[in-house]
Amino acid sequence: MNKTLKRFLCTFMALMMLVSAVPLAGAVDPASCDHVIVREYLKDADGNVMLPTCTTEGKYKEYCENCGTVFGEYTEPASHIIVTLPAVAPTCTQTGLTEGKKCSRCDAVLEAQKVVAATGHTLDKEADSYLPFKAPTCTESGLTEGGVCTVCDETVAQVTIAPYGHNFTNKVVKEDATCTTNGLAIYTCSICAATEEEVIPAAHTFGDSVTYVKAPTCTEDGTGVKTCTKCQAKEEVEVPALGHSFTGDAVNIKNGEHAFACVHFGCEVTGTVVEVTDETTGETTTVQKVAGTEKCSGGKATCVSGAICEKCATAYGNVDPENHVKIVVNEKVEPTCQETGHEAYRSCASKEEGGCGVMIDEFQKIDKVPCSYTKFEYNKDATCTANGTATAKCDFGCGSEKTIEEPGSALGHDPENIEEVAPTCIRKGVAAGIRCKRCKTTLKGFEEIPALGHSEYIAVAEVAPTCTKVGATAEKRCSRCDMLLSAPSMTISALGHTDEDGDGVCDRTGCNTIMNADGDSCSCLCHKTGFMKLIYIIVRYFWSLFHTNQWCDCGVQHY
C-alpha cells in the first residue's frame, strides 16, 4: 500500500471518529442537559422584530441551544436609555449649565439643564489698573468700575452711566393764587435739592352750582347765576330747556295700555320713548313721544287676577283658573283611635289669604285605627328571679295603658360571701356561706351552730367573818366569756365579840378573847400612851378605811 492511500485512509478514519463524537440535533436528553439559555426576539405579523423601544414593549422567547427546550415567551418593558449631560461651569462673561439627563435612543430630554448665571468679573481694588466707580448725578454722567479681571485677565473698560435727571416731586406753594392774581409754587428735586418755580394762574372757582333766576322747563330755556366760591363774583349763564324725560313711574291709561310720567318738577305730561330707525343710514335713535302709550306686558295671569304689567304694576287681561296664586300643601294626617285622618292634598289659599280657595286634589278620608302602644318604658320592677314589666300609653293620647313583661330583664342574684359567725356561750353561730346582696336569699351554707353554754368557775372563794375580821361571799363567773353567773362577792362585816354568860371571855367558838381586862394590865396598842398612842390613831384610821380589825384582842371596839 502506497503512502498516498495510507494517508487517505487515516484521514477518513479520523473524520469518522470526529463525526461519531458530535451528537445529532435533538439527540440530547433535556432531563440531563446543562441548559445554555438563548434569548431570541419574536416577530410581529408584518415580520418586524419586536425589539423594545423608549415607548413600546419588546417580546422574546428563551430556549436551550443544546436540547431546544423552550422556557417561555416574555415581555420586555419599554424604557429610555439614559445618558448624563455634563455640567458646564460659568465664566466671568459666559453662562454655565447644570447637569442634565436625556435618552440616547430617542433623544428625549429627561432632566433639562438649567442656565447658571455668569459670575461677572472680579476686580482687585488695590491694583494699579483699577478704575473706581463714579456715581452719576442729576446733571452729570457717571462711570462703572474698570480694570483687569483677576480671574480671566480680561481688561474691563469703564462704561458711562447716564445722568439721573431731576426728580421734582416735592411741591411747596409759596404764594396761593387768587381769583385775579397768579400764585407761585416751588418744586424741589428729591435727589440733588435743586429747585424749579411754577406759576399758578389766577382763576375764579364757580363750580357746577347754579342759582336759577328763571328755572328752565321741559319746553322753555331758563337763566341762572354762578357764584365764585372764593370772591363771590357772579357770572350769568343760560340754562337750556330740559326737554321731557319719560323715565318716571308708569301710569295706567286704560285696560292693557300705559304711559310714563315726565320726571321734571311741575310737568304733568305723559308719554313714551320710542325707537326710530333711519331708513337711509340704518341707525336707530330714541325719541320722546308725548301722550304716547304702550301695551302692558309681562307678568302672568293667576286664579284671582289678570297678569300684572311689569311696568305699571296694574292687572290686565283675564284670570287663569289653572294658575293658582298660592298652593297650600295640607300634610297627611294620620288617623288615631279617637279621630279620623286624611291623605295629603293640595288647595289654593283662601280668599282672605289672597287665593281662590279651590281644592286642587280630591280629599281622601282615613278611618280610625285601634290603639297603638310603641313607647314602652321599663318599670324597674324586676327582681333577682322574675322579669320586670314595661308600660306604654296609647300613642294617640287617649290615656289607655298597656303593661307587658320585659323579656330578659330579671336581674339575677348578686352573690356575696358571708364569713362564719362563731357561736358564743349564749348565742348561736352560723356557718360561712353565700347569699344574694339584693334579695338576701341563701345560696349556699349558713347552717346553724349551737350555743356553747357557760363554763362555770369560782372567781372569789367564800370567807367566813370572825369577831375581829371581815368575811366575803363567794362569786361565780364563766371562764369563756367572764360573765358573772352569781351575785357579786360582798364583804361580810366582822361579827364582834359577844359575852352572854358574863365570864369575861368571848363566847364565839375559837375566839376566847378576854373582854373585861383593865387598861393597866392590857398590853394592846389601843391602851398605850404618848407617842405610841399617836401610832395607834394612825393605824386605826387605815383599819377603818378597809373595814378590818374592828375589835381589839382585849375586847375593846376600836371604831
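Computed from a predicted model, the values in this text were never measured in an experiment.

Conventions used here
Residues numbered from 1 in each chain as written. Predicted model: local features only at pLDDT ≥ 70, side-chain atom pairs only at ≥ 80, totals over all residues. Heavy atoms only, no water. Phe/Tyr/Trp six-rings, centres within 6.5 Å; stacked < 30°, edge-to-face > 60°. Helix = DSSP H or I, 4+ residues; strand = E, 2+ residues; numbered from the N terminus. Buried < 20%, exposed > 50% of the residue type's maximum accessible area, 1.4 Å probe, protein only. Lys NZ or Arg CZ within 6 Å of the ring centre and 35° of its normal. Pairing = 2+ DSSP bridges. Core = buried A, V, L, I, M, F, W, Y, C linked by side-chain atoms within 4.5 Å. Contact = heavy atoms within 4.5 Å. Patch = residues over 30% accessible without salt bridge, like charges linked within 9 Å, V, L, I, M, F, W, Y side chains within 5 Å. Areas by Shrake-Rupley, 256 points an atom, 1.4 Å probe, with all protein chains shown as cover. Salt bridge = Lys/Arg side-chain N within 4 Å of Asp/Glu carboxyl O. Lys, Arg positive; Asp, Glu negative; His and termini not counted. Charge placed at Lys NZ, Arg CZ, Asp CG, Glu CD. Axes fitted to C-alpha atoms, helices over the stretch in contact; angles between N-to-C directions.

Caption draft 1: A look at the packing of aromatic side chains. Under the definition given, this model contains three aromatic pairs. A centroid spacing of 5.7 Å and a plane angle of 35 degrees characterise the contact between Y60 and Y74, whose relative ring orientation is tilted. Of this pair, Y60 sits in strand β2 (residues 58-64) while Y74 sits in strand β3 (residues 70-76); the two residues are 14 residues apart in sequence, bridging distant segments of the chain. Classification of Y74 by relative accessible area gives partly exposed; the value is 33%. For the cation-ring pair, R39 lies above Y60, with the distance from its terminal atom to the ring centre recorded as 3.9 Å.

Caption draft 2: Region of the structure containing the sheet that holds strand β31 (residues 389-393). Strands sit in the order β30-β31-β32 across an open sheet of three strands; the sheet is antiparallel. Single-partner strands in this sheet number two, and they are β30 (377-378) and β32 (401-405). Sheet analysis places β31 next to β32, joined by five bridges and oriented antiparallel. Directly across from A390, in β32, lies its bridge partner I404.

Caption draft 3: Up close: the nonpolar core. Among the nonpolar cores identified, the biggest contains 11 residues, and these are C218, F246, A250, F260, C262, C267, C296, A307, C309, C312 and Y316. Among residues more than four places away in sequence, those in contact with C218 are A241, L242, G243, H244, C262, H264 and C267.

Caption draft 4: Just the environment of L131, in detail. For L131, the position within the fold is in the loop between β8 (115-116) and β9 (142-143). On the accessibility criterion, L131 (37% relative accessible area) is partly exposed. For the pair L131 and Q158, spaced 27 residues apart in the sequence, the C-alpha separation amounts to 7.5 Å. Once residues lying within four places of it in the same chain are set aside, the contact partners of L131 are T144, E145, G146, G147 and Q158.

Caption draft 5: Representation of the pairing of strand β20 (residues 257-261). Here β20 lies mainly inside the structure; four of its five residues are buried. As consecutive antiparallel partners, strand β19 (residues 250-254) and β20 are separated by two residues, and within that stretch G256 has a phi angle of approximately 95 degrees, a positive value. In this sheet, strand β23 (residues 294-295) lies alongside β20 in antiparallel orientation, the contact comprising two bridges. Within the sheet, the bridge partner assigned to E257 lies in β23 and is K295. As paired strands, β20 and strand β21 (residues 270-277) are joined by two bridges and run antiparallel to one another. Looking at β21, one finds that F260 is bridged to G271.

Caption draft 6: Spatial organisation of the environment of V319. Structurally, the position occupied by V319 is in the loop between β25 (315-316) and β26 (327-330). The sequence separation of V319 and S305 amounts to 14 residues, and the corresponding C-alpha distance is 4.9 Å. Excluding its chain neighbours within four sequence positions, the residues that come into contact with V319 are A301, T302, C303, V304, S305 and G306.

Caption draft 7: Representation of a negative patch on the surface within the structure. Residues E500, D501, D503 and D507 make up a contiguous surface patch of negative charge. Relative to the elements of secondary structure, E500 occurs in the loop between β41 (491-492) and α2 (531-545).

Caption draft 8: The sheet that holds strand β13 (residues 168-175), seen in detail. Spatially, the three strands line up as an open sheet ordered β13-β14-β15, and their pairing is antiparallel. Of all the strands in the sheet, just β13 and β15 (195-200) have a single pairing partner and so form its edges. This sheet shows a mean twist of 25 degrees between the axes of neighbouring strands, independent of strand direction. Relative to strand β14 (residues 183-189), β13 runs antiparallel, the two being bridged by six bridges. Within β14, the position partnered with F168 by the bridge is C189.

All we've got here are geometric facts, nothing functional implied.
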